[in-house]
Amino acid sequence: MQNAIRVKGLQKSYRQLHVLKNVDFEVEKGNIFALLGTNGAGKTTIVKILTTLLKKDGGQVTVNGFDVASMPANVRQSISLTGQFAAVDEVLTGRENLVMIARLRHLSQPREVTDDLLQRFGLSDAADRRASTYSGGMRRRLDIAMSLIGNPQIIFLDEPTTGLDPEGRIEVWKIIKELAGRGTTVFLTTQYLEEAEQLASRIAILHEGEIIVSGTLAELKKLFPPAKVEYIEKQPTLEDIFLKIIGNKKEDK
Amino acid sequence: METIKMKNYFFIDMGVMLIRSMRHVFRSLDTIITVTIMPIAMMLLFVYVLGGAIKTGTDKYVNYLLPGILLVAIANSAGYVSYRLFLDKQRGIFERFHSMPIARSAPLWGHMLTSLVSNAISLVVIILVALLMGFRSSAGFLSWLAIAGILALFTLTLTWIAAIAGLSAKSVDGAGVIAYPIHFLPLISSAFVPTTSMPAGVKAFAEHQPVTPIVETIRALLYNQPVGNQIWVALAWCITIMFCAYLFAMRVYRKRL
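Residues numbered from 1 in each chain as written. Chains lettered and ligands numbered in written order. Predicted model: local features only at pLDDT ≥ 70, side-chain atom pairs only at ≥ 80, totals over all residues.

Summing up its helical and strand segments, chain A has nine helices and ten strands in all. Its C-alpha atoms give chain A a radius of gyration of 23 Å, clearly above 18 Å, the size a compact globule of 253 residues would have. Its C-alpha atoms give chain A principal-axis dimensions of roughly 85 × 45 × 40 Å. Counting the 253 residues in chain A, one finds 43% classified as buried. Within chain A, counting contacts between residues at least 6 apart in sequence, those at least 24 apart form 67% of the total. (Helix = DSSP H or I, 4+ residues; strand = E, 2+ residues; numbered from the N terminus. Rg over C-alpha atoms; globule rule 2.2 N^0.38 Å. Buried ≥ 20, exposed ≤ 12 C-beta atoms within 10 Å, placed from the backbone. Contact = placed C-beta atoms within 7 Å.)

Written as structure tokens, this is what we have:
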């Protein structure tokens, strides 16, 4: 099977700061791939290089079979980016935002595509309100809906649930699972381990400019020693203490 | 094949960008007040309050004043260009556009086109109000065409300068700062009063800055007077500054985005 993304020996520095030292990984078609790392590990830098926004210093990067450096236009035809901050136009309504992207993707029926997406993402009622009035979760849904226009083969989601409340997070997870169900390759960055565990079929951990481990969740679990039984002294809770005192009082009588 | 496809779409994409930022202009009461209502209020103030005391050597002060008011309106709009560009950069809108299969410069040119179109609309409104206030011109079609050309050139010049500020700013306040020096240029020129009454230092500045030759050229075209050298001085100023600002803004655009 051809890989959707192939990265080999990727390097990138900002002046003195060596952000990416030697990054290798591959993403299979139709998979959800999660890139884990702390803040400042270089996750966004990798996303920017893969989406042709930033030039790499060294290494080989192909997306959908196209080299990002020599064929950026073909890469852009194949992908869609949902950046770290919901890039929606707040002055425009939800509908206008979607129609705008559909026009830029040169679709023949921008209005129909927009109506479908509004429906699918539960934004029909809010469609004609300005995006500035949307909640964080709605804004993120609109943002992802904008990225789906034109059915790109690979979708990049850079920390899609950062700043969302638990409800919003679960909504976004549902959307991502649906996407992969339709055969779209999803490249996800996150700092939440639970998110990677919930969604991704393959996980890579970026640390100090290199991928230190990568594999399926089951493979990663094998890297750790097997679960062992430990005996831990159980401290009484306030409830235990309360119940004990009440009980003693009764015995006194 | 991809590049050919993209070239065909360049103007369609620009159109989409134009519609988007025109919505920004029309939905911002603040912008409409600053670029259209303020210049009209200024025109009313100068004509009906101060105008009686200003000696310009023309029969009607509104005739003398109008070219300057038009330039004030254009100057007032420059700050909004930097503001909108800054927000697009900060909110990741440019990143979204740049990761799509559209020409990389289309988003920036969209802002430039918006500046031209929105200024054209506000200038027409201002001229209509001036007509109500008694402004009359003997200019023919060709003269009006020349005036439109000079105003468009002045607009583009200021817009490219504003683009540098908007693209390189670190904060919203920083993006807006460029507006202040631009606001002052029409005030220290022959836009409101003839330079002859000014003290020597101020007069020297007023006569050797871009706004004065532009104002004088538009005045000459409006009232069928010989344009003389002023038009070439005006064009030289605009084209030189515009070209430098364009190169610089493009450099910042490519580097930062």
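Now that the structure is up, let's keep going.
Attention shifts here to the overall build of chain B. A count of helical and extended segments in chain B gives eleven helices and zero strands. Seen in sequence order, chain B has helices and strands lined up from the N terminus as α-α-α-α-α-α-α-α-α-α-α. By the compact-globule yardstick of 18 Å for 257 residues, chain B fits well, its C-alpha radius of gyration being 19 Å. Sorting the 257 residues of chain B into buried and exposed places 44% on the buried side. In chain B, 80% of the contacts between residues at least 6 apart in sequence involve partners at least 24 apart.

Attention now goes to the interface of chain A and chain B. The interface is formed by 19 residues belonging to chain A together with 20 residues belonging to chain B. Looking at the side of chain A that touches chain B, the elements with two or more residues in it are α2 (72–78), β6 (79–82) and α3 (94–104) of chain A. By residue number, the principal contributor to the side of chain A that touches chain B is α2(A), which donates four residues. Of the residues assigned to the side of chain A that touches chain B, the class counts are ten nonpolar, six polar and three charged. (Nonpolar A, V, L, I, M, F, W, Y, C, P; charged D, E, K, R; others polar.)

Residues and elements named next belong to chain B. The end-to-end C-alpha distance of helix α3 (residues 61–90), which contains 30 residues, comes to 45 Å, matching closely the 44 Å that a straight helix rising 1.5 Å per residue would cover. The axis of α3 is deflected most strongly, by about 30°, at Pro 67. Among the 30 residues that make up α3, 28 are buried, leaving the element largely enclosed by the rest of the structure. (Expected span 1.5 Å × (residues − 1). Bend = angle between axes of the 7 residues up to and from the residue.)

Next up on the list: the confidence of the model for chain B. Do not read the fine detail of predicted coordinates wherever pLDDT is low. On average, residues of chain B score 90 in pLDDT, and 97% of them reach the 70 mark or higher. At the level of chain-chain contacts, confidence expressed as ipTM amounts to 0.86, with global pTM at 0.86. (pLDDT = per-residue confidence, 0-100.)

Let's shift gears to the nonpolar core. In this structure, B:Leu65, B:Leu70 and B:Leu71 are the most contacted members of the largest nonpolar core, which totals 58 residues. Of all the elements, α3(B) adds the most residues to this core, at 18 residues. A:Val186, A:Ala200, A:Ile203 and A:Ala204 belong to the second-largest nonpolar core, a separate cluster that totals 40 residues. (Core = buried A, V, L, I, M, F, W, Y, C linked by C-beta atoms within 7 Å.)

Turning to the pairing of strand β10 (residues 210–215) of chain A, a few remarks are in order. All names here are of chain A. Of the strand pairs in this sheet, strand β9 (residues 202–207) and β10 are connected by five bridges, and their pairing is antiparallel. Bridging from a neighbouring strand, Ile 205 pairs with Val 213 of β10. The antiparallel pairing of β9 with β10 creates a hairpin that spans two residues between the two strands, and Glu 208 there sits at a positive phi of about 50°. (Pairing = 2+ DSSP bridges.)

All names here are of chain B. Following both chains from N to C, one finds helix α5 (residues 106–132) and helix α6 (residues 141–168) inclined at 135°, their axes separated by 10 Å at the closest point. Classified by the angle between their axes, α5 and α6 sit oblique to one another. Considering the relative orientation of α5 and α6, their crossing is right-handed. Contact with α5, carried on its side by Met 112, Ser 115, Leu 116, Asn 119 and Leu 123, involves Leu 151, Ala 152, Thr 155, Leu 156 and Thr 159 of α6 and no other residues of that element. Partitioned by chemical class, the residues of the contact of α5 with α6 number six nonpolar, four polar and no charged. (Axes fitted to C-alpha atoms, helices over the stretch in contact; angles between N-to-C directions. Parallel < 35°, antiparallel > 145°, perpendicular 65-115°, else oblique. Left-handed = near helix turned anticlockwise from the far one by under 90°.)

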